[in-house]
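# An overview of the molecular structure
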Amino acid sequence: MNIPQELKYTKDHEWVKIEGDIATIGITDFAQSELGDIVYVEVETVGDSLEAEEVFGTVEAVKTVSDLFMPIAGEVTELNEKLADEPELVNSDPYGEGWMVKVKISGDTSGLLSSEEYAELVGA
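Residues numbered from 1 in each chain as written. Predicted model: local features only at pLDDT ≥ 70, side-chain atom pairs only at ≥ 80, totals over all residues. Heavy atoms only, no water.

What follows is about the overall build of the protein. Looking only at helices and strands, one finds 4 helices and 9 strands in the protein. Listing the helices and strands of the protein from first to last along the sequence gives β-β-β-α-β-β-β-β-β-α-α-β-α. Here the C-alpha atoms of the protein give a radius of gyration of 13 Å, agreeing with the 14 Å that 2.2 N^0.38 yields for 124 residues. Overall, the C-alpha framework of the protein stretches about 35 × 35 × 20 Å when taken along its three principal axes. Within the protein, contacts between residues at least 6 apart in sequence are counted, and of these 59% link residues at least 24 apart. Working note: accessible area of the protein is about 6400 Å², and carbon and sulfur atoms make up 44% of it. Each charge class in the protein can be summarised by its mean position, and for the 7 positive and 28 negative side chains these summaries are 6 Å apart. (Helix = DSSP H or I, 4+ residues; strand = E, 2+ residues; numbered from the N terminus. Rg over C-alpha atoms; globule rule 2.2 N^0.38 Å. Contact = heavy atoms within 4.5 Å. Areas by Shrake-Rupley, 256 points an atom, 1.4 Å probe, with all protein chains shown as cover. Lys, Arg positive; Asp, Glu negative; His and termini not counted. Charge placed at Lys NZ, Arg CZ, Asp CG, Glu CD.)

See the structure below:
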C-alpha cells in the first residue's frame, strides 16, 4: 500500500499536502482500493469556507457512495476539473492526478496524522 511520507492523513482516509497556506486534498490509496472503481466525484463547495470534519463532496464508486470530509478548516478554492471526465484518476493516481480540491487553510493542522500513524490505523 502506498502511503507517501511527505503527506498528512485523516482517520477518514483523506490525504493533505500542505504548501504554505494552501492544502491539496484527496483520498488515500487505501480508500480508493476499498471503494473500488470510482465513477463520479462531486464537489459543490468551491468558494465555501468549511470547518474540519464538514462534508466537502462525495465520491461515487460502482458499489457505494461515500462522503468526503474536510481534514482542516479552510476555503475550497479549486476543484480538480479533470475528475469530471476522468474520475478513474482517483483509482490510478490518488496522490497525483487524482487530487480533489485545493483549500486556503484557515484552521489548525496539528490534528492530522503522520504517514506512520496512518499506516498503523489501516494496518499497513
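On we go from here.
For the rest of this paragraph, the subject is the pattern of salt bridges. All chains considered together, the criterion is met by 3 salt bridges. With a shortest N-O distance of 3.9 Å, E19 and K17 are connected by a salt bridge. Residue classification places E19 among the partly exposed positions, given a relative accessible area of 46%. Of the charged contacts, one joins K82 and E97 as a salt bridge, the two residues approaching to 2.3 Å between their closest N and O atoms. Taken as a pair, K82 in helix 2 (residues 82-85) and E97 in the loop between helix 3 (89-92) and strand 9 (101-105) lie far apart in primary sequence, 15 residues in all. Residue classification places E97 among the partly exposed positions, given a relative accessible area of 35%. (Salt bridge = Lys/Arg side-chain N within 4 Å of Asp/Glu carboxyl O. Buried < 20%, exposed > 50% of the residue type's maximum accessible area, 1.4 Å probe, protein only.)

The subject of this paragraph is the nonpolar core. Ranked by internal contacts, the top residues of the largest apolar core, which has 25 residues, are I27, V41, F56 and M100. Within the residue set of this core, elements represented by two or more residues are strand 3 (22-27), helix 1 (29-35), strand 4 (38-42), strand 6 (55-61), helix 3 and strand 9. Not counting the four nearest positions on each side in its chain, I27 is found in contact with H13, E14, W15, Q32, L35, I38, L68, V90, P94 and M100. Listed in part, the 11 residues of the second largest apolar core include L7, W99, A119 and V122. (Core = buried A, V, L, I, M, F, W, Y, C linked by side-chain atoms within 4.5 Å.)

Turning to helix 4 (residues 115-122), its buried residues number three or more, namely S115, Y118, A119 and V122. What you see down the axis of helix 4 is that its buried residues fit within an arc of 100 degrees, all on one side. In helix 4, the exposed positions angled more than 90 degrees off the buried face are occupied by E116 and E120. (Arc of directions from axis to C-beta.)

In this numbering, the UniProt entry assigns the feature "domain: Lipoyl-binding" (unreviewed entry) to residues 22-104. In this annotation, residues 22-104 is assigned 18% helix and 42% strand; the end-to-end C-alpha distance for the span is 5 Å. (UniProt positions renumbered as here; feature names shortened; annotations may be inferred.)

The next point concerns the pairing of strand 8 (residues 74-79). Bridge analysis of strand 5 (residues 49-50) against strand 8 gives 2 bridges, and the strand direction is antiparallel. Looking across to strand 8, one finds that S49 is bridged to E75. Here 5 bridges tie strand 8 to strand 9, and the two strands are oriented antiparallel to one another. Opposite V76, over in strand 9, you have V103 as the bridge partner. (Pairing = 2+ DSSP bridges.)

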